[in-house]
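Chain residues, written in single-letter form:
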Amino acid sequence: MLNIKIMSPKMSQRIMKGVFWASGILTVILLLVIIGYILYKGLPVVNMSFIFSNPIDSGKSGGIFPMIVSSLYVTLIAVAVATPLGVGAAVYLSEYAGENNLVKLIRFGAETLASIPSIVYGLFGLAFFVVYLGLGWCVLSGGLILAIMALPTILQVAEVSLEAVPASYREGSLAIGATKWQTIYNVVLPAAVPGITTGVILGLARAISEAAAIMFAVGAALSVPISIFDPARPLPLHLYILATEGISLDNAYGTAAVLVLIVLVITVVTNTLVERYSKKMMGR
């Protein structure tokens, strides 16, 4: 007879705790290494002149001010279009639709959109927005493509956040005579704001850091875009051009550092505001 010794529950608990701790620490280390390397290589290039001046010789020298404006421009358009559509669809799926084939189809479509490669979005934007609709290479075309990319993320996170609101909130509101829409607007949505905001941040982060999806739609102009119908060159696209065409690797690192800092600032500020809102909702 073989003497098989079964691992004790305490030992297995310790082992799995160690595995999970190691996974978390490794993830943080990888994040710090990547961000630290980009900042180490790029921050020496970044100064006031680099941030607020125009590029010279296709970016070989000069700054990236038009690219910063272009990135903010297309990202704001993407968020302005995707947020109401995503949250509205999430409210419909969570509060009105129930479970039927249409809901399953919508969820399947959102999951499919989230998994499509970004270059495919770029080709679609070129064919539909630039050529078919006649918008041309402009900020609006790029912003609409990014909105389509951010939409499934916002929809999925918003739906989960709405479903996480306790049913007692809805029942209490309906019990005092509020309509279904009043309950959603005054009770459910405010309670789900932190989660919805997280979804918007994720969608925003994807939009502001995307290059492949917009290179066929936004153009590559080196000037500051004034209207939504002007061509532009957002930071990720400028970084891609600098690095792949060998124009200036130093400026490419500087552009990457600025892009990382913008994403970090947006994430930290938004999370701080969400945390304060959550504490206010809890009466703290």
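No experiment lies behind these values; they were computed from the predicted model shown.

Caption draft 1: Here's a closer look at the side chain of arginine 170. By the element assignment, arginine 170 lies in helix α7 (residues 167–175). Taking the relative accessible area as the measure of exposure, arginine 170 reaches 17% and is therefore buried. There is a polar contact of 2.8 Å between the side chain of arginine 170 and the backbone oxygen of valine 165. Arginine 170 has contacts with Ser94, Glu95, Leu162, Val165, Thr183 and Val188, leaving out every residue within four places of it along the chain.

Caption draft 2: Fine view of the UniProt feature "transmembrane region" (unreviewed entry) in the protein. In the UniProt entry, the feature "transmembrane region" (unreviewed entry) is given for residues 20–40, 64–93, 105–124, 211–232 and 252–274. Segment residues 252–274 splits into 100% helix and 0% strand. End C-alpha atoms: 33 Å apart.

Caption draft 3: Just a nonpolar patch on the surface, in detail. A grouping of Tyr92, Tyr96, Leu102, Leu105, Phe108, Trp181 and Tyr185 is seen on the molecular surface, where their side chains present a nonpolar patch of about 800 Å² in accessible area. Only α3 (65–97), α4 (101–115) and α8 (180–208) provide two or more residues apiece to the nonpolar patch. Of the residues forming the nonpolar patch, the biggest block, three residues, is contributed by α4. With respect to the secondary-structure elements, tyrosine 92 resides in helix α3.

Caption draft 4: Main features of the nonpolar core. Residues Leu146, Leu162, Leu189 and Ile196 are the most contacted members of the largest nonpolar core, which totals 42 residues. For this core, the secondary structure elements donating two or more residues are α3, α5 (118–132), α6 (139–163), α8 and α9 (235–244). At eleven residues, α6 tops the list of elements feeding residues into this core. Ignoring sequence-local partners within four residues, the contact set of leucine 162 consists of Ala90, Val91, Ser94, Glu95, Arg170, Val188, Leu189, Ala192 and Ile196. Core analysis: the next-biggest nonpolar cluster, separate from the first, contains ten residues, Val45, Phe50, Ile64 and Met67 among them.

Caption draft 5: Representation of the pattern of salt bridges. This model, assessed by the stated rule, comprises three salt bridges. Among the ionic pairs, arginine 170 bridges to glutamate 95, the shortest N-O distance being 2.8 Å. Of this pair, arginine 170 sits in helix α7 while glutamate 95 sits in helix α3, placing them 75 residues apart in sequence. Notably, a salt bridge pairs arginine 107 with glutamate 159, separated by 2.5 Å at the nearest N-O pair. Residue arginine 107 is located in helix α4, and its partner glutamate 159 is located in helix α6; the two are separated by 52 residues in the primary sequence. In the salt-bridge network here, residues are joined through shared partners; they are Arg107, Glu159 and Glu163.

What counts, and at which threshold
- Residues numbered from 1 in each chain as written.
- Predicted model: local features only at pLDDT ≥ 70, side-chain atom pairs only at ≥ 80, totals over all residues.
- Heavy atoms only, no water.
- Helix = DSSP H or I, 4+ residues; strand = E, 2+ residues; numbered from the N terminus.
- Buried < 20%, exposed > 50% of the residue type's maximum accessible area, 1.4 Å probe, protein only.
- Polar contact = N/O pair within 3.5 Å; in protein donor to acceptor, adjacent residues only side chain to side chain.
- Contact = heavy atoms within 4.5 Å.
- UniProt positions renumbered as here; feature names shortened; annotations may be inferred.
- Patch = residues over 30% accessible without salt bridge, like charges linked within 9 Å, V, L, I, M, F, W, Y side chains within 5 Å.
- Areas by Shrake-Rupley, 256 points an atom, 1.4 Å probe, with all protein chains shown as cover.
- Salt bridge = Lys/Arg side-chain N within 4 Å of Asp/Glu carboxyl O.
- Core = buried A, V, L, I, M, F, W, Y, C linked by side-chain atoms within 4.5 Å.

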